[in-house]
Amino acid sequence: VDRRQRQMCIRDRGYVIQIAGFSDEILAKRFLSLYPEETFYSYQKQLNGKNFTVITTKVFLNKTEAKSIIQSLPIQLIERKPWVKSISSVINEINTFKQ
């Protein structure tokens, strides 16, 4: 298993930057292969009744820190309009997927 694809270590607080999302696992893997220098994490959720893979960064302690990191991402990722997401919302999405 590629280390960028390992499951995100969930903490009970903090923020991640959501980079991308894919309903097609092949496209998710292809996307990750374009950025070998980045360390991304992923989790599964349900979207419109289908499995959906969400690609994120590591967990940051606060929203300000996470927002500041967006500007240091490769331009191709900035153009995707990544956004900051709380760990609590990530946990909710994962829990909904598991049900």
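Scope of this entry: the structure provided in the associated data block. (Residues numbered from 1 in each chain as written. Predicted model: local features only at pLDDT ≥ 70, side-chain atom pairs only at ≥ 80, totals over all residues. Heavy atoms only, no water.)

Quick look at the pairing of strand β2 (residues 41–47)
Item 1. By the bridge criterion, 7 bridges tie β2 to strand β3 (residues 50–56) in an arrangement that is antiparallel. Across the sheet, the residue bridging to Y41 is T56, located in β3.
Item 2. The antiparallel pairing of β2 with β3 creates a hairpin that spans 2 residues between the two strands, and N48 there sits at a positive phi of about 55 degrees. (Pairing = 2+ DSSP bridges. Helix = DSSP H or I, 4+ residues; strand = E, 2+ residues; numbered from the N terminus.)

Digging into the packing of aromatic side chains
Item 1. This model, assessed by the stated rule, comprises 4 aromatic pairs.
Item 2. Summarising the aromatic geometry, the rings of F22 and F31 are spaced 5.3 Å apart at their centres and angled 45 degrees between planes, so their arrangement reads as tilted. F31 matches F22 in its accessibility class, with the two residues each being buried.
Item 3. Summarising the aromatic geometry, the rings of Y35 and F40 are spaced 6.5 Å apart at their centres and angled 75 degrees between planes, so their arrangement reads as edge-to-face.
Item 4. Clustering of aromatic rings is evident, with ring pairs tying together F22, F31, Y35 and F40. (Phe/Tyr/Trp six-rings, centres within 6.5 Å; stacked < 30°, edge-to-face > 60°. Buried < 20%, exposed > 50% of the residue type's maximum accessible area, 1.4 Å probe, protein only.)

Considerations on the sheet that holds strand β4 (residues 83–86)
Item 1. Strands sit in the order β2-β3-β1-β4 across an open sheet of 4 strands; the sheet is antiparallel. Here the strands that pair on one side only, and so sit at the sheet edges, are β2 and β4. When strand polarity is set aside, the average angle formed by the axes of neighbouring strands in this sheet is 50 degrees.
Item 2. Helix-sheet contacts for helix α1 (residues 25–33) involve β1 (15–22), β2 and β3, and the interaxial angle to β1 is about 125 degrees. (Axes fitted to C-alpha atoms, helices over the stretch in contact; angles between N-to-C directions. Contact = heavy atoms within 4.5 Å.)

Concerning the side chain of K45
Item 1. Mapping K45 onto the fold places it in strand β2.
Item 2. Its relative accessible area of 13% is what places K45 among the buried residues.
Item 3. Those residues within four positions of K45 in sequence are excluded, and the remaining contacts are K50, N51, F52, V54, E93 and F97.

Some words on the nonpolar core
Item 1. By size, the foremost hydrophobic cluster in this structure holds 16 residues, and its most contacted members are I17, I19, F31, F40, I55 and L77.
Item 2. Broken down by secondary-structure element, the contributors of at least two residues to this core are β1, α1 and α2 (63–70).
Item 3. The greatest single-element share of this core, amounting to 4 residues, is contributed by β1.
Item 4. Apart from the residues within four sequence positions on either side, L77 is in contact with I19, F31, Y35, F40 and P82.
Item 5. Within the second largest apolar cluster, 8 residues are counted, among which are V16, F52, I87 and V90. (Core = buried A, V, L, I, M, F, W, Y, C linked by side-chain atoms within 4.5 Å.)

Points about the pattern of salt bridges
Item 1. A complete count under the given rule lists 2 salt bridges for this structure.
Item 2. In this structure, K45 engages E93 in a salt bridge whose closest nitrogen and oxygen atoms are separated by 3.5 Å. Of the two residues, K45 is situated in strand β2 and E93 in helix α4 (residues 87–98); the sequence distance between them amounts to 48 residues. Note on accessibility: K45 and E93 belong to one class, buried.
Item 3. With its nearest N and O atoms 3.0 Å apart, the salt bridge here joins E93 to K85. (Salt bridge = Lys/Arg side-chain N within 4 Å of Asp/Glu carboxyl O.)

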